[in-house]
Amino acid sequence: MNYTADPARYERQPYNRSGRSGLRLPAVSLGLWHNFGDDRPLANSRAILRRAFDLGVTHFDLANNYGVPYGSAERNFGRILRQDFGPYRDELIISTKAGFDMWPGPYGEWGSRKYLLASLDQSLKRMGLEYVDIFYSHRPDPDTPLEETMGALDRAVRSGKALYAGISNYPAELTAQAARIMRELGTPLLIHQPSYSMINRWIEDGLLDTLEEAGMGCIVYSPLAQGLLTDRYLKGVPADSRAATSRFLSADQIDTELAGKLNAIAQERGQTLAQMALSWTLRDPRVTSVLIGASSVAQLEDNVACVDGPAFTGDELEAIDAITAPRAAGGA
């Protein structure tokens with residue numbers, strides 16, 4: 001069946017300006033890390049992407065090594081893009097990244113010019129694109145001069161293979177240095193992608209201030225702490241859950257008592273726990289967008305509905321802080 005986008009798609013959520021740039025991103029963006037590789041049914045991935053766009057999600061976030069095996073999320077996304085979203089390419093923000101391990105040998109990870117630009121070419125080929133909207137350095141490289149890594153991002157933009165440049169997982173001080181280098185090169189950094197949630201607040205200790213000063217946006221990932229901030233673990237660890245099956249989350253990280261207390265606040269607000277956790281990350285105007293993952297259309301719809309939640313009261317924020325402060329202090 002041919003896909004035609006919902007005419008009301010832009011009435012579903014707000015679009016926030018990324019720093020001092022001209023680009024606006026949806027409050028909720030879709031990340032394709034876990035659920036779009038060859039180990040997942042393509043029909044399900046296609047249904048999620050279609051529904052996301054119908055709900056006003058215009059930003060799809062990838063990386064070179066997303067999916068099982070590496071590269072499969074980009075390849076599958078490219079296939080769906082050609083089938084369904086070709087007429088809508090100029091309505092989409094498509095991002096990818098390079099920095100973690102992608103291929104064997106000394107040129108297959110980190111932040112060298114060799115790796116970043118080669119990876120971008122491979123990503124474009126897998127997705128069947130002439131350019132991506134945002135290209136990120138996925139993590140800082142302790143052994144490559146920052147000038148080289150930023151120079152590669154500048155080159156990606158000047159070559160027309162990316163419209164904007166971003167960084168991910170950079171600490172505040174290094175972010176400030178990177179922003180300065182890019183300004184001097186004439187290609188200001190658009191955005192930073194850090195992890196952030198109610199129980200992982202490291203960006204509040206300087207990074208958000210640095211981004212505001214540099215005029216950069218902020219799009220946060222893992223806002224649900226790999227599922228800890230959902231109703232998935234209110235009664236323990238299901239056998240088919242990520243905590244039971246994934247190397248990125250273990251059962252000993254689950255805190256059912258914390259989740260239960262937060263869920264009680266969410267219910268009083270008329271939200272699911274996941275919706276409240278997403279709304280909480282968006283409470284700070286310096287956060288441009290929140291990245292969600294979705295394994296089903298129902299989960300996607302539930303998460304995107306966070307934008308309809310009420311504003312937080314001071315009492316609610318204090319109650320959340322009292323519950324999460326011990327866990328947040330540990331950088332969970």
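Residues numbered from 1 in each chain as written. Predicted model: local features only at pLDDT ≥ 70, side-chain atom pairs only at ≥ 80, totals over all residues. Heavy atoms only, no water.

1. Quick notes on the overall build of the protein chain
So, step 1. Counting its regular elements, the protein chain contains eleven helices and ten strands.
So, step 2. For the protein chain, whose C-alpha radius of gyration is 19 Å, the value lies close to the compact-globule estimate of 20 Å for 332 residues.
So, step 3. Overall, the C-alpha framework of the protein chain stretches about 50 × 50 × 40 Å when taken along its three principal axes.
So, step 4. Residue burial in the protein chain is summarised as follows: out of 332 residues, 55% are buried. (Helix = DSSP H or I, 4+ residues; strand = E, 2+ residues; numbered from the N terminus. Rg over C-alpha atoms; globule rule 2.2 N^0.38 Å. Buried < 20%, exposed > 50% of the residue type's maximum accessible area, 1.4 Å probe, protein only.)

2. Comments concerning the packing of helix α1 (residues 42-54) against helix α2 (residues 72-85)
In a pair of packed helices, the angle between the axes and the distance between the axes together describe the arrangement.
So, step 1. Put simply, α1 and α2 touch, their axes get as near as 10 Å, and they point 55° apart. In this view, α1 runs oblique relative to α2, as classed from their interaxial angle. Considering how the two elements wind past one another, α1 and α2 form a crossing that is right-handed. When α1 is examined against α2, the residues Leu42, Ser45, Arg46, Leu49, Arg50 and Phe53 are found in contact with a partner set consisting of Asn76, Phe77, Arg79, Ile80, Gln83, Asp84 and Phe85.
So, step 2. Looking at the contact of α1 with α2 residue by residue, the class counts come to six nonpolar, three polar and four charged. (Axes fitted to C-alpha atoms, helices over the stretch in contact; angles between N-to-C directions. Parallel < 35°, antiparallel > 145°, perpendicular 65-115°, else oblique. Left-handed = near helix turned anticlockwise from the far one by under 90°. Contact = heavy atoms within 4.5 Å. Nonpolar A, V, L, I, M, F, W, Y, C, P; charged D, E, K, R; others polar.)

3. Observations concerning the environment of leucine 42
So, step 1. Looking at the element boundaries, leucine 42 is found in helix α1.
So, step 2. Placed 38 residues apart in sequence, leucine 42 and isoleucine 80 show a C-alpha to C-alpha distance of 8.7 Å.
So, step 3. Aside from chain neighbours lying at most four places away, what touches leucine 42 is Asn76, Arg79 and Ile80.

4. Regarding the sheet that holds strand β3 (residues 28-31)
So, step 1. Taking strand neighbours around the barrel as the criterion, the eight strands line up as β3-β4-β5-β6-β7-β8-β9-β10 in a closed arrangement whose pairing is parallel. If you compare each strand with its neighbour and ignore which way they point, the axes differ by 30° on average.
So, step 2. Bridge analysis of strand β8 (residues 191-193) against strand β9 (residues 217-220) gives two bridges, and the strand direction is parallel. Residue pairing for β9: histidine 192 is matched across the bridge by cysteine 218. (Pairing = 2+ DSSP bridges.)

5. Thoughts on the pairing of β9
So, step 1. Neither face of β9 is open: one carries Gly217 and Ile219, the other Cys218 and Val220, and all of them are buried.
So, step 2. The parallel pair β8 and β9 is bridged by helix α6 (residues 207-214), and the resulting crossover is right-handed.
So, step 3. Inspection of the sheet shows β9 paired to strand β10 (residues 289-292) by two bridges, in the parallel sense. When the bridges of β10 are listed, isoleucine 219 appears paired with serine 289. (Right-handed = clockwise from strand over helix to strand, strands pointing away.)

6. Quick word on the packing of aromatic side chains
So, step 1. Within the structure shown, the criterion is met by ten aromatic pairs.
So, step 2. Through a chain of ring-to-ring contacts, the aromatic side chains of Tyr3, Phe53, Phe60, Phe77, Phe85 and Tyr88 assemble into a single cluster. (Phe/Tyr/Trp six-rings, centres within 6.5 Å; stacked < 30°, edge-to-face > 60°.)

7. Focus on the nonpolar core
So, step 1. Grouped together as the largest cluster of nonpolar side chains are 87 residues, with contacts concentrated most on Leu30 and Met150.
So, step 2. Not counting the four nearest positions on each side in its chain, leucine 30 is found in contact with Phe36, Ile48, Leu49, Ala52, Val57, His59, Phe60, Asp61, Leu291, Ile292, Ala294 and Leu300.
So, step 3. Core analysis: the second largest hydrophobic core is formed by nine residues, Leu25, Ile93, Ile191 and Leu291 among them. (Core = buried A, V, L, I, M, F, W, Y, C linked by side-chain atoms within 4.5 Å.)

8. Considerations on the environment of methionine 1
So, step 1. Among the secondary structure elements, methionine 1 is positioned in the segment before β1 (15-17).
So, step 2. In this structure, the C-alpha to C-alpha distance between methionine 1 and aspartate 84, residues 83 residues apart in sequence, is 9.6 Å.
So, step 3. For methionine 1, the residues in contact, after removing those within four places along its chain, are Arg46 and Arg50.

9. Concerning the pairing of β10
So, step 1. Residues Ser289 and Leu291 point to one face of β10 and Val290 and Ile292 to the other, with burial holding for every one of them.
So, step 2. With three bridges joining them, β3 and β10 adopt parallel strand pairing. Each residue of the ladder has a partner; that of valine 28, found in β10, is valine 290.

10. Overview of the environment of leucine 153
So, step 1. Within the secondary structure layout, leucine 153 lies in helix α4 (residues 146-158).
So, step 2. Here leucine 153 falls in the buried class, since its relative accessible area comes to 1%.
So, step 3. The sequence separation of leucine 153 and asparagine 2 amounts to 151 residues, and the corresponding C-alpha distance is 37 Å.
So, step 4. With residues up to four places along the chain from it excluded, the contact list for leucine 153 reads Phe135, Tyr136, Ser137, Ala165, Gly166, Ile167, Met182 and Leu189.

11. Regarding the packing of α4 against helix α5 (residues 172-185)
So, step 1. It is at 10 Å that the axes of α4 and α5 come closest, and there the two elements cross at 45°. Looking at the two axes, α4 sits oblique to α5. In the crossing of α4 with α5, the sense of the turn from one axis to the other is right-handed. The segment α4 lies against α5, with Leu146, Glu147, Met150, Gly151, Leu153, Asp154 and Arg158 engaging Leu174, Gln177, Ala178, Ile181, Met182 and Leu185.
So, step 2. When the residues that make up the contact of α4 with α5 are grouped by side-chain class, the tally is eight nonpolar, two polar and three charged.

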